[in-house]
Amino acid sequence: MARKKEYIEEEVIEKAMNLFWQNGYETTSMQMLEKAMGINKFSIYASFGSKHGVFLESLKSYKNKVKSIFDKFQNATNGVDSIKEFFYDSVNIADHDGYQKGCLLTNTYNEFVEKEDELIKEQMDSFMVNLKGLFIEKLRMDTSKDEETVMKQANFLLLAKHGLAAASRVNSKEEIEDYIELIFKNI
């Protein structure tokens, strides 16, 4: 007879997500996961199959965590001002437990860019395509911009968002705010 789980999967995945967010995939060991999740290795393997399985579930949990920010951004109607607000919202959600860790998806994208992991690559590509699409949509609200300008600015904003995620791991709040303000001086 199978034993009843003595934990709630969403709660242990939230703990794993925070660990991966802070340390990255490669640096996070099974022992670290056991300790952070509060369950043993057998339970981790039984529920998620592997460290990789825990990581995939952690990415889903993170997407749910930031869903409200993306929904707000998607529904926004103020063009470039909406993008700027999204940048600020992105930084604010990363301020968790007194330290900043950037964006888990951007961190993952950077960590896995050279790896042959199709499941992770699909998730990251989907995220980046969606984000760039939202930038394009908001930039097009300014009818004075031609399509070439919109595309160049969308590419710039995508790169700036990566930079913001990296900077928010180590820079002060004031430095981050200066960075965001300068990004939007030229948009």
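Along each chain, the written sequence defines residue order, and numbers are assigned to residues from 1. With the structure being a predicted model, the display of local features is reserved for residues of pLDDT at least 70 and the display and counting of side-chain atom pairs for 80 or more, all residues being used for whole-chain, interface and lining totals. Water and hydrogen atoms were dropped before computing side-chain values, which therefore reflect all heavy atoms in the structure.

## Looking at a negative patch on the surface
Then, in step 1: Residues forming no salt bridge and having over 30% relative accessible area are the ones grouped into patches, like charges within 9 Å of each other and nonpolar side chains (Val, Leu, Ile, Met, Phe, Trp, Tyr) within 5 Å. To measure how exposed things are, a 1.4 Å probe is used in the Shrake-Rupley method; for residues, cover is taken only from the protein chains shown. Throughout this description, the term salt bridge denotes a Lys or Arg side-chain nitrogen within 4 Å of a carboxyl oxygen of Asp or Glu. When charges are tallied, Lys and Arg are placed among the positive residues and Asp and Glu among the negative ones, while His and the ends of the chain are skipped. In plain terms, the charge of a residue is placed at NZ if it is Lys, CZ if Arg, CG if Asp and CD if Glu. Judged by side-chain charge, Glu174, Glu175, Glu177 and Asp178 come together as a negatively charged surface patch.
Then, in step 2: In DSSP terms, a helix is any run of H or I states spanning at least four residues, a strand is any run of E spanning at least two, and both are numbered starting from the N terminus. Inspection of the secondary structure assignment puts Glu174 in helix 9 (residues 173-183).

## A short note on the packing of aromatic side chains
Then, in step 1: Here a Phe, Tyr or Trp ring, Trp counted by its six-membered ring, pairs with any other such ring whose centre lies within 6.5 Å, and the pair is stacked when the planes are under 30 degrees apart, edge-to-face when over 60, and tilted otherwise. Summed over all chains, the structure comprises 14 aromatic pairs.
Then, in step 2: Between Phe70 and Phe127 the ring centres are 5.8 Å apart and the planes differ by 70 degrees, which places this aromatic pair in the edge-to-face class. Placement of the pair is Phe70 in helix 4 (residues 51-75) and Phe127 in helix 7 (residues 118-139), with a sequence separation of 57 residues.
Then, in step 3: Residue burial is assigned from relative accessible area. The probe radius is 1.4 Å, only protein chains are included, and a residue is buried under 20% of its type maximum, exposed over 50%, and partly exposed in between. With a relative accessible area of 9%, Phe127 lands in the buried category.
Then, in step 4: An angle of 90 degrees between the planes, with centres 5.2 Å apart, marks the rings of Phe87 and Phe184 as edge-to-face. Highlighted residues: Phe87 in helix 5 (residues 80-94) and Phe184 in the segment after helix 9, separated in sequence by 97 residues.

## Quick notes on the layout of surface pockets
Vacant regions in the atomic arrangement are exposed by a probe of water-molecule size rolled over the atoms.
Then, in step 1: Looking at the second largest pocket, its volume works out to about 220 Å³.
Then, in step 2: Lining the second largest pocket are Lys63, Val66, Lys67, Phe70, Asp71, Gln74, Leu105, Ser126, Phe127, Asn130 and Leu134.
Then, in step 3: Contributions of two or more residues to the lining of the second largest pocket are made by helix 4 and helix 7.
Then, in step 4: For the lining of the second largest pocket, the element with the most residues is helix 4, which contributes six residues.
Then, in step 5: Here the residues of the lining of the second largest pocket are counted per class, giving five nonpolar, three polar and three charged. Computed over the protein atoms alone on a 1 Å grid, cavities are sets of points where a 1.4 Å probe fits but cannot get out and pockets are open sets with protein on both sides within 12 Å along at least five of seven lines; a residue lines them when it has an atom within 4 Å of a point. Grid points are joined across faces, edges and corners, and a volume is the space filled by probe spheres set on the points. All amino acids are sorted into three groups, where Ala, Val, Leu, Ile, Met, Phe, Trp, Tyr, Cys and Pro are nonpolar, Asp, Glu, Lys and Arg are charged, and the leftover types, Gly among them, are polar.

## Re the nonpolar core
Then, in step 1: Nonpolar core, defined: a set of buried Ala, Val, Leu, Ile, Met, Phe, Trp, Tyr and Cys residues in which side-chain atoms within 4.5 Å join the residues together. In terms of nonpolar packing, the biggest core is built from 54 residues, with Leu33, Met37, Val54, Phe87 and Phe135 touching the most fellow members.
Then, in step 2: By the convention used here, residues are in contact when the closest approach between their heavy atoms is within 4.5 Å. Setting aside chain neighbours within four positions, we find Phe135 in contact with Phe73, Ile83, Phe86, Phe87, Ala154, Leu157, Leu158 and Lys161.

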